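# Remarks on the overall topology
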Amino acid sequence: MHEICSQTAPAADFEKVKCIHDYETIRVEYAAYLSDESKLSGVPFDFLFFPKEEAELAVVIKSMNQRGIALTIAGARTGLVGGCVPSGGALVSMEPLDQVKSIYFDAASGEWRVCAQTSLSLRSLESMLRSKQFPDLDQNASSELLAFREDPCQYFYPPDPTEMSASLGGSVVTNASGARTYRYGPTRAWVRGMRVFLTNGEYLDIPRGRYFASADGQFVITSAQGESCTLTIPDYPQPNTKNAAGFFTAPHMDLIDLFIGSEGVLGVVTRVEVALLQREEKISIVQFLESDEQAIQLTQALRSEGSLAFDFLEFYSGNALDLLRDLQKTAPSTVGMPPIPQNAKSALFFEMSFDPHAETLSYDRLAEIIADCGADLTNSWAGYESRELDRFKVFRHLVPETINSIIAERKKQHPGIHKLGTDLAVPDQYLSEMWNLYKTKIEENGLEWAAFGHIGNNHIHVNILPRDMDELQIGLRLYELFAKKAVEFGGTVSAEHGIGKIKRKFLSLMYTPEQIEQMRRIKQALDPKGILNPNDIFPAGVAA
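What comes next concerns the included structure.

So, how was this worked out
- Residues numbered from 1 in each chain as written.
- Predicted model: local features only at pLDDT ≥ 70, side-chain atom pairs only at ≥ 80, totals over all residues.
- Heavy atoms only, no water.
- Axes fitted to C-alpha atoms, helices over the stretch in contact; angles between N-to-C directions.
- Helix = DSSP H or I, 4+ residues; strand = E, 2+ residues; numbered from the N terminus.
- Parallel < 35°, antiparallel > 145°, perpendicular 65-115°, else oblique.
- Left-handed = near helix turned anticlockwise from the far one by under 90°.
- Contact = heavy atoms within 4.5 Å.
- Nonpolar A, V, L, I, M, F, W, Y, C, P; charged D, E, K, R; others polar.
- Salt bridge = Lys/Arg side-chain N within 4 Å of Asp/Glu carboxyl O.
- Buried < 20%, exposed > 50% of the residue type's maximum accessible area, 1.4 Å probe, protein only.
- Core = buried A, V, L, I, M, F, W, Y, C linked by side-chain atoms within 4.5 Å.

## Quick word on the packing of helix α14 (residues 431-444) against helix α15 (residues 469-488)
At a minimum axis separation of 11 Å, α14 and α15 run at an interaxial angle of 165 degrees. Between α14 and α15, the crossing angle belongs to the class labelled roughly antiparallel. Of the two elements, α14 crosses α15, and the hand of that crossing is right-handed. Seen from α14, the contacting residues are Met434, Leu437, Tyr438, Lys441 and Ile442; seen from α15, they are Leu478, Leu481, Phe482, Lys485 and Ala486. Of the residues that constitute the contact of α14 with α15, the class distribution is eight nonpolar, no polar and two charged.

## With respect to the pattern of salt bridges
Throughout the structure, instances matching the rule amount to 37 salt bridges. Between Asp257 and Arg208 there is a salt bridge whose closest N-O contact spans 2.9 Å. In this pair, Asp257 sits in helix α8 (residues 256-259) while Arg208 sits in the loop between β10 (203-207) and β11 (218-222), placing the two residues 49 residues apart along the sequence. Judged by relative accessible area, Arg208 falls into the partly exposed class, the value being 28%. A salt bridge links Arg303 to Asp428, with the shortest nitrogen-to-oxygen separation between them at 3.6 Å. In this pair, Arg303 sits in helix α9 (residues 292-303) while Asp428 sits in the loop between β19 (420-421) and α14, placing the two residues 125 residues apart along the sequence. Taking the relative accessible area as the measure of exposure, Asp428 reaches 44% and is therefore partly exposed.

## Notes on the nonpolar core
Counting residues in hydrophobic clusters, the biggest one holds 109 residues, and the most contacted among them are Ile206, Phe247, Phe259 and Leu366. Leu324, Ala344, Phe395 and Ala450 belong to the second-largest nonpolar core, a separate cluster that totals 29 residues.

Dropping the structure here:
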């Protein structure tokens, strides 16, 4: 079936929706809504809405659409590409919509599922799953909730977009991914349903597996008033990598996948249903190495070993370890780990399942692979208790935090400076070649840099740290060179952060004008006035 009918939301009084209507007041009293983690500066806007329920959101969307006022949707504001940075008009904060609506067991798939509103944070979801306490459900505890509590197993939501303060809905509309994508795939793989509000104020309930594109690649959406619009899905291929650039497309695709990763330019997601997975005991290892190139070699060896299953393979370049060494000297309590070995010039961080109750724990095969690459498993850190696992993850996150603090200091002297962090990914066979390009070009130009991240997916975050505006311009030229090469290798210009406002110019490196036009026509069909998230993916007014 490829036709779906939208539904009318309950009525609400527009005048009763909490609204701040004065930019100067917003700027002074609600400054957090002027930007996100990208630190991109927004355009002054006139309205800041805080709808506390879906009915209020519906009336805001419908009113803004009728008046042709641009509408930016903001969640937790943890994005790195300026997606929720306002472009004039109005901004809607989804923060009040943060409740868990249900938890239940789906017998057909044999999995537990959670349905929650869009602004539930990933940290809150993780805490609720660990404790099996759901404050929003406790007053009217269902038999399903009681069954979940009685289940002796523990469960978790597999996607790990690194930033746990991110919202569930935000991670869905960006198809967020992170370390555990290596084993479990991106967010898309775990979404089982969603509710999306359209610009006419009506909504779609989309369960996975019900609405598929027709043979000629179309969906038909019919409003409650009987008006229909046709969506023709693009016909470009998807890169053979993790990808967050442009709209998803595939023959006979599921409608839900069109909205996942669409960055909120097609509709406003208000609730999401996701699948859970049984939690296993884990052991984390940081393997220290003699060079960045040895890390590339070991990554390729570990990936080719079928008998070992890793949740993630994460990378520290030699200069990233240097940053952490400096931090250990100046703020040892912040790092919370033993001193990094002086002979360590690179490292891989990986995690795998293990049985703590087994009579013997053998890592002979792992040790053999590491030895074949010229390293030694004994030159590593390892931990399996939850406190230790948390320390390892904090240690990993200290790298970008340290880089951000360095840039913040440099901005005091050069306000226009910002870091340049790659979000590119390439197919497996090009990992080494892409790494050599990064390292050679940056060092040829004498730039300061550090690299870390998802090497298992060939998705390394290479961060250039410009010391002045001239170096920033050199870095920008290199970034474009890197992006072109990633596309030439069959990769993507954005593996996990999306396009937003900051990376819009790179979309044309990956897609032809005709392919971008195919995306634009979908936007135009669902948002004829182009009000939703203007300047994200497309220039403002592109659908008008």
